[in-house]
Amino acid sequence: MAEKEKGSGVSADQIREERKQRAMLGPLPQDFLRIPIEEGPINSEDKDHQMALALQRQMDLREQRQHAPQRLDKNVTGRLTITIAEARLSKNYGVTRMDPYARLRVGHQIYETPTCTNGAREPKWNKTINCFTVRGTKYIDVEIYDECTFSTDALIAHASIPIPESVLLAQELCDDWWPLSGQEGEGKEGMIHLVLSMQLISPQAGVQVPTVVPNVSGGRPMTYQPTYLPQQGQQPPIVQQIPAQPAEMSPEDVEEFSKMFPSLDKQVIKAVYSDNSGNKEATVNALLQLSQ
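1. Section: the overall build of the protein
Check the secondary structure of the protein and you find 7 helices and 10 strands. Buried positions account for 28% of the 292 residues belonging to the protein. Expressed as a percentage of contacts within the protein between residues at least 6 apart in sequence, the contacts between residues at least 24 apart total 61%. Carbon together with sulfur atoms contributes 50% to the accessible area of the protein, which is approximately 20900 Å² in total.

Pasting the structure below:
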């Protein structure tokens, strides 16, 4: 090394000083290891270039989807269109007006309507859904719930509606009312208005069926718990609704609620407590609305 330094005529101190100049000492600059970004407005040519790139990516993605292997189901018989128009319920459960929404199940597919705020006994949805039907699809299961803020949504009414044969054969459109069951009894909870139509699909045509049916109203996929589990070869049993015993309010609770709401009569407080099945939080919310 010393011979090379002597041959080149450069001393060791000069080499050391030159290396110090190459090294970066002190605080790093703001643009260290960063990609420089040109500041200033983007001209029309750059905008057109970006739009062309985005359009090309969309076309490439669409082409990939078309050539991707699809899961074809040859058991699909048609596409069923259902319009959940409205319902007329027999009773408004609770002190305040109900916020009903409907949930439908057709085979493995589950759909849900938006909530009809303050719909009470006459909710109107006018929601149209389209779903594929497979061989053996004969019923539409309907459940109507009251959306609750501080507790689990309450089941108001339910029905298992048979799809008319004329609809399954795509012979005519069906616009009719069907009875609902619930606490009032079998077929005594009100009526629901549905419009049904079918578009047949050739058995030779493979249809791509989604593996997960999205929630129409948004959010995570819905869970479904049927009201009954019929066995093969047997008719589904009729679910007997046992009326719940009214909740009784203890004298201590009556005095406590009377102090909280001195303007309300004790009998009113007891009635609200009973309507909310002994739920104190729901009772307080209902009494707050009454006292306003």
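2. Quick word on unusual backbone geometry
At Asn-118, a position not held by glycine, the phi torsion is positive, near 60°. The topology assignment puts Asn-118 in the loop between β4 (109–112) and β5 (124–134). For Asn-118, a relative accessible area of 44% corresponds to the partly exposed category.

3. Let's talk about the side chain of Ser-258
Tracing the chain through its elements places Ser-258 in helix α5 (residues 251–260). One polar contact links the side chain of Ser-258 to the main-chain carbonyl oxygen of Val-254, over a distance of 2.7 Å. Setting aside chain neighbours within four positions, we find Ser-258 in contact with Lys-266 and Ile-269.

4. With respect to the confidence of the model for the protein
Summing up the model confidence of the protein, the mean pLDDT is 77 and the portion of residues at 70 or higher is 73%. Mean pLDDT across the elements of the protein bottoms out in helix α1 (residues 2–8) (50) and peaks in strand β6 (residues 139–146) (95). Taken as a whole, residues 210–234 scores under 50 in pLDDT and shows 34 contacts with residues more than four places along the chain or in a different chain.

5. Concerning the side chain of Glu-189
Inspection of the secondary structure assignment puts Glu-189 in strand β9 (residues 185–200). Lys-91 provides the closest opposite charge to the buried, unpaired Glu-189, separated from it by 7.6 Å. Separated by 3.1 Å, the side chain of Glu-189 and the backbone nitrogen of Gln-183 make a polar contact. Those residues within four positions of Glu-189 in sequence are excluded, and the remaining contacts are Arg-88, Leu-89, Ser-90, Lys-91, Tyr-93, Ile-156, Ala-157, Leu-180, Ser-181, Gly-182, Gln-183 and Glu-184.

6. Looking at the sheet that holds β6
Strands sit in the order β4-β3-β6-β7-β8-β9-β2-β5 across an open sheet of 8 strands; the sheet is antiparallel. Two strands close off the open sheet at either side, each with one partner strand: β4 and β5. Across the sheet, the axes of successive neighbouring strands diverge by a mean angle of 25°, strand direction being ignored. Looking at chain direction, β6 and strand β7 (residues 154–162) are connected through 8 bridges and run antiparallel. Among the inter-strand pairings, Ile-140 is bridged to a residue of β7, identified as Ile-161.

7. A look at the packing of aromatic side chains
Going through the model one piece at a time under the given rule, you end up with 1 aromatic pair. Look at Tyr-101 and Tyr-145: their rings are 5.7 Å apart centre to centre, the planes differ by 15°, and that puts the pair in the stacked class. Here the residue Tyr-101 occupies a position in strand β3 (residues 100–106), and Tyr-145 occupies one in strand β6, the gap between them amounting to 44 residues. Here Tyr-101 and Tyr-145 have matching classes, each one buried.

8. Details of the environment of Asp-176
On the secondary structure map, Asp-176 appears in strand β8 (residues 174–182). Residue classification places Asp-176 among the partly exposed positions, given a relative accessible area of 37%. Asp-176 sits 17 residues away from His-193 along the chain, and the two C-alpha atoms are 5.9 Å apart. Sequence-distant contacts of Asp-176, defined by excluding residues within four places in its chain, comprise Ile-192, His-193 and Leu-194.

9. Focus: the environment of Leu-169
Along the chain, the position of Leu-169 falls in the loop between α4 (165–168) and β8. The spacing of Leu-169 and Ser-197 is 28 residues in sequence and 9.6 Å in space, taken between C-alpha atoms.

10. Section: the nonpolar core
Core analysis: the largest hydrophobic core is formed by 31 residues, its most contacted members being Leu-80, Ile-82, Ile-84, Ile-140, Ile-144 and Ile-192. Breaking this core down by element, the ones donating at least two residues are β2 (76–89), β3, β5, β6, β7, β8 and β9. Considering each element in turn, this core owes the most residues, 5 residues, to β2. Among the nonpolar cores identified, the runner-up in size contains 10 residues, and Met-249, Leu-264, Tyr-273 and Ala-286 belong to it.

11. Comments concerning the pattern of salt bridges
On inspection of all chains with the given rule, the structure shows 5 salt bridges. Here Lys-124 ties to Glu-86 by a salt bridge, and the two come within 3.9 Å at their closest N and O atoms. Here Glu-86 lies in strand β2 and Lys-124 lies in strand β5, a separation of 38 residues in the sequence. Given the relative accessible area of 47%, Lys-124 is considered partly exposed. Among the ionic pairs, Arg-103 bridges to Glu-112, the shortest N-O distance being 2.9 Å.

Cut-offs and rules
Residues numbered from 1 in each chain as written. Predicted model: local features only at pLDDT ≥ 70, side-chain atom pairs only at ≥ 80, totals over all residues. Heavy atoms only, no water. Helix = DSSP H or I, 4+ residues; strand = E, 2+ residues; numbered from the N terminus. Buried < 20%, exposed > 50% of the residue type's maximum accessible area, 1.4 Å probe, protein only. Contact = heavy atoms within 4.5 Å. Areas by Shrake-Rupley, 256 points an atom, 1.4 Å probe, with all protein chains shown as cover. Polar contact = N/O pair within 3.5 Å; in protein donor to acceptor, adjacent residues only side chain to side chain. pLDDT = per-residue confidence, 0-100. Lys, Arg positive; Asp, Glu negative; His and termini not counted. Salt bridge = Lys/Arg side-chain N within 4 Å of Asp/Glu carboxyl O. Pairing = 2+ DSSP bridges. Axes fitted to C-alpha atoms, helices over the stretch in contact; angles between N-to-C directions. Phe/Tyr/Trp six-rings, centres within 6.5 Å; stacked < 30°, edge-to-face > 60°. Core = buried A, V, L, I, M, F, W, Y, C linked by side-chain atoms within 4.5 Å.

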